[in-house]
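Examining the three-dimensional arrangement
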Amino acid sequence: MSVQQALEWAFRVEHAQLELPEPPDPERGQGFGFGLEYVLMQRAALGCKIDGGQYKMGTYTHEDAEVIAATVAGIPDNLGGKRMAIRVAELARAGLTPDWMPGAVPRCVPVEMKRNRHGDHATTVVVGTERVLSRGKWRTVEVRACPVMFRPDARQIEAARRAYAEWWRALVWTRDGLAAGGMLKDINVTSLTPKARPWETK
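Small disclaimer: the values here were computed from a predicted structure and weren't measured. (Residues numbered from 1 in each chain as written. Predicted model: local features only at pLDDT ≥ 70, side-chain atom pairs only at ≥ 80, totals over all residues. Heavy atoms only, no water.)

**Some points on the overall build of the protein**
To keep things clear, this is the line we draw: Secondary structure elements follow DSSP: runs of H or I of four or more residues count as helices, runs of E of two or more count as strands, with numbering from the N terminus. For every residue, the accessible area obtained with a 1.4 Å probe (protein chains only) is divided by the maximum for its type, and the residue is called buried under 20%, exposed over 50%, and partly exposed between those limits. Contact between two residues is taken to exist if any of their heavy atoms lie within 4.5 Å; hydrogens are not considered. Values of accessible area rely on a 1.4 Å probe in the Shrake-Rupley scheme; residue burial ignores everything except the protein chains shown.
Along the protein, the regular secondary structure elements total five helices and six strands. Overall, the protein shows an N-to-C arrangement of helices and strands of α-α-α-α-β-β-β-β-β-β-α. Classification of the 202 residues of the protein by burial places 29% in the buried group. Pairs at least 24 apart in sequence give 69% of the contacts found in the protein among residues at least 6 apart. Carbon and sulfur atoms make up 53% of the accessible area of the protein, which totals about 13900 Å².

Below, the structure is given as structure tokens:
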């Protein structure tokens, strides 16, 4: 499986839970307890699994799915930490890839549209007045303009693509962590990943 397929299998099919460490309580002097990675390593050393999970009473989550979830929970802060771990898990559970706005190009569009019986029309605003000679008389007429904007604007496109790139880096880190950990028993994660910058065409 590719790392994306493995994540989708773990979170979508096996319903693995993301167990994030609780923040330390300074009043009680508590630090972080044992991480799930430590627990899994101890389990591997013993060669057994303790029955009775916190989340899934009466059902079974594959051990490899738990290893994948534990690896995702360990995404370091420089790659987004807990926030990114939750995002990776949520996208995998939904079977989605982040929207990098394919084909998005900023377009000039009216700020507001109005509809009447003749169809849709751009809203205009008065920007000044002019005096014009019409049929031998001077008249004051409104000068109107249509306010426009660019949608989606370049910042929105850039933000979507930056979010995709951050997700992609987290996937690569997860893939490398699973390979280095060597704790997967039945699943083999290949080096295949989604395109790093799918918006760049050759």
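**Remarks on the side chain of R175**
You can see R175 is positioned in helix 5 (residues 154–181). The class for R175 is buried, based on a relative accessible area of 18%. Dropping the residues within four chain positions of it, R175 is found in contact with V3, V189, T190, S191 and T193.

**Quick notes on helix 1 (residues 3–13)**
Within the sequence span of helix 1, burial applies to V3, Q4, A6, L7, W9, A10 and F11. For helix 1, the secondary structure elements touched by its buried residues are helix 3 (63–73), helix 4 (81–94) and helix 5. Phi turns positive one or two residues past the end of helix 1, at H15, with a value near 55°.

**Some thoughts on the pattern of salt bridges**
Let me state the cut-off plainly: The rule for a salt bridge is simple: a side-chain nitrogen of Lys or Arg has to be within 4 Å of a carboxyl oxygen of Asp or Glu.
Inspection of the entire model under this criterion finds seven salt bridges. E63 is the salt-bridge partner of K185, the closest N and O atoms lying 3.4 Å from each other. With K185 in the segment after helix 5 and E63 in helix 3, this pair connects stretches of sequence that are 122 residues apart. Judged by relative accessible area, E63 falls into the partly exposed class, the value being 25%.

**Remarks on the state of the cysteines**
Selection rule: Cysteine sulfur atoms that pair up within 2.5 Å are treated as a disulfide.
Taken as a whole, this structure holds zero disulfides when the rule is applied. Free cysteine: C108, not disulfide-bonded; nearest cysteine sulfur from C146 at 8.0 Å.

**Concerning the nonpolar core**
We count it as follows: Only buried residues count toward a nonpolar core. Its members are Ala, Val, Leu, Ile, Met, Phe, Trp, Tyr and Cys residues joined through side-chain atoms within 4.5 Å.
Counting residues in hydrophobic clusters, the biggest one holds 32 residues, and the most contacted among them are L7, F11, I68, V72, I75 and V88. Counting only elements with at least two residues in this core, the list comes to helix 1, helix 3, helix 4 and helix 5. If we skip the residues at most four places from it in the chain, L7 touches R12, I68, V72, V88, A92, L171 and T174.

**With respect to a nonpolar patch on the surface**
Going by this rule: Candidate patch residues must exceed 30% relative accessible area and have no salt bridge, after which like charges are joined if within 9 Å and Val, Leu, Ile, Met, Phe, Trp or Tyr side chains if within 5 Å.
Judged by side-chain polarity, V125, V127 and V143 come together as a nonpolar surface patch covering roughly 210 Å² of accessible area. Looking at where V143 falls in the secondary structure, it is placed in strand 5 (residues 137–145). Overall, V143 belongs to the partly exposed group, its relative accessible area being 31%.

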